[in-house]
Amino acid sequence: MPLPFLTADRAFDATDDDVALPFDDHDHDQWRRPYRPGPWRVGAAALILLLASFVLLAAMVIAFAGALPGAGVCIGIGALMICAALRLLRIGAWVSRHGLRRVAFFSTTTLSWARVKGLRTVQQPVRWLGLPRTVQGQALVLVREGDEPLPLLTDHNADFLSRVEAFDRAADTIEAWGAEYGAAS
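Described below are features of the structure shown in this document. This structure is a prediction, so every number in the text was calculated from the model and none was measured.

A word on the overall build of the chain. Helix and strand counts for the chain stand at three helices and six strands. The order of helices and strands in the chain, counted from the N terminus, is α-α-β-β-β-β-β-β-α. In the chain, buried positions account for 32% of the 185 residues. Considering only contacts in the chain between residues 6 or more positions apart, those separated by 24 or more positions represent 53%.

The structure is reproduced here in structure tokens:
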């Protein structure tokens, strides 16, 4: 039995999940991530949200049992888990006409394009999924005035693990933004 709703926009077997994002050239003033979040990052956030739903369900059961302080603690833990999942999805490199923004879990660094001396892809030891273990890989490195180079993206982070073409496309896009708005390569 054919399922026409699965093939309305595309052939069911011909899915290409690793396509480039559509480019909207109208507003370069808004911060945008020039690549899709990777499956490892999305999967980790989904797992955290699943655990948060169980914690909130436990809060509801505890509240119905009459222990309101315990329910409040569970609601607080659930809210922290939801905030952590949302922050995990925002991690990455963001670009706009104003500069380059590197979002980490606990910090955000924004540099104007005037302070960026260069962006280049280099072979170097990189962290595997952000853990202390390092492997040989590629990194898009940000060269700042008077500071050591800072890796923005690596081909072994949660966005690009096993997606080399997506890493190359994202690095090229960020380098193009840098070339257009003032970073010397």
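With that settled, the discussion passes to the packing of aromatic side chains. For the structure on display, the rule yields four aromatic pairs. Ring centres of Tyr35 and Phe160 lie 5.0 Å apart, and the angle between their planes is 55°; this geometry places the pair in the tilted category. Linking Tyr35 in the segment before helix H1 (39-65) with Phe160 in the loop between strand S6 (150-154) and helix H3 (164-181), this pair joins segments that are 125 residues apart in sequence. What makes Phe160 buried here is its relative accessible area of 0%. Seen in terms of ring centroids, Phe105 and Phe106 are 4.8 Å apart; in terms of plane orientation they differ by 90°. Their pairing is edge-to-face.

This paragraph deals with H1. Along its 27 residues, H1 runs 39 Å from first to last C-alpha, staying within 8% of the 39 Å computed at 1.5 Å per residue. Within H1, the full set of buried residues consists of Arg41, Ala45, Ala52 and Ala59. On its buried face, H1 sits against helix H2 (68-90). Directly beyond the C-terminal end of H1, a positive phi value near 105° is found at Gly66.

Taken together, Leu47, Leu50, Leu51, Phe54, Leu57, Met60, Val61 and Phe64 make up a surface patch of nonpolar side chains, about 830 Å² in accessible area. Tracing the backbone through its elements, the reader meets Leu57 in helix H1. Leu57 gets classed as partly exposed once you look at its relative accessible area, which sits at 44%.

Right, let's get into the pattern of salt bridges. The full count for this structure, using the stated rule, is two salt bridges. One salt bridge connects Arg41 with Asp159, and the closest N-O pair in it is separated by 2.9 Å. Placement of Arg41 in helix H1 and of Asp159 in the loop between S6 and H3 is noted, with a sequence separation of 118 residues between them. Neither Arg41 nor Asp159 differs from the other in exposure class; each is buried. Salt-bridge contacts for Arg144 lead to Asp147; the nearest nitrogen and oxygen are separated by 3.8 Å. Among the residues examined, Arg144 registers a relative accessible area of 17% and is labelled buried. Judged by relative accessible area, which is 39%, Asp147 ranks as partly exposed.

The volume enclosed by the largest pocket comes to roughly 570 Å³. Taken together, 25 residues make up the lining of the largest pocket; nearest its centre are Arg102, Gly130, Leu152, Thr154 and Asn157. Looking at the lining of the largest pocket, the elements with two or more residues in it are H1, strand S2 (99-103), strand S4 (116-127) and S6. A class-by-class count of the residues in the lining of the largest pocket yields 15 nonpolar, six polar and four charged.

Attention shifts here to the environment of Phe106. Within the secondary structure layout, Phe106 lies in the loop between S2 and strand S3 (108-112). The spatial distance from the C-alpha of Phe106 to the C-alpha of Arg87 is 8.7 Å, given a sequence separation of 19 residues.

What counts and what doesn't
Residues numbered from 1 in each chain as written. Predicted model: local features only at pLDDT ≥ 70, side-chain atom pairs only at ≥ 80, totals over all residues. Heavy atoms only, no water. Helix = DSSP H or I, 4+ residues; strand = E, 2+ residues; numbered from the N terminus. Buried < 20%, exposed > 50% of the residue type's maximum accessible area, 1.4 Å probe, protein only. Contact = heavy atoms within 4.5 Å. Phe/Tyr/Trp six-rings, centres within 6.5 Å; stacked < 30°, edge-to-face > 60°. Expected span 1.5 Å × (residues − 1). Patch = residues over 30% accessible without salt bridge, like charges linked within 9 Å, V, L, I, M, F, W, Y side chains within 5 Å. Areas by Shrake-Rupley, 256 points an atom, 1.4 Å probe, with all protein chains shown as cover. Salt bridge = Lys/Arg side-chain N within 4 Å of Asp/Glu carboxyl O. 1 Å grid on protein atoms, 1.4 Å probe; cavity = no way out; pocket = protein on both sides within 12 Å on 5 of 7 lines; lining within 4 Å. Points joined across faces, edges and corners; volume = space filled by probe spheres on them. Nonpolar A, V, L, I, M, F, W, Y, C, P; charged D, E, K, R; others polar.

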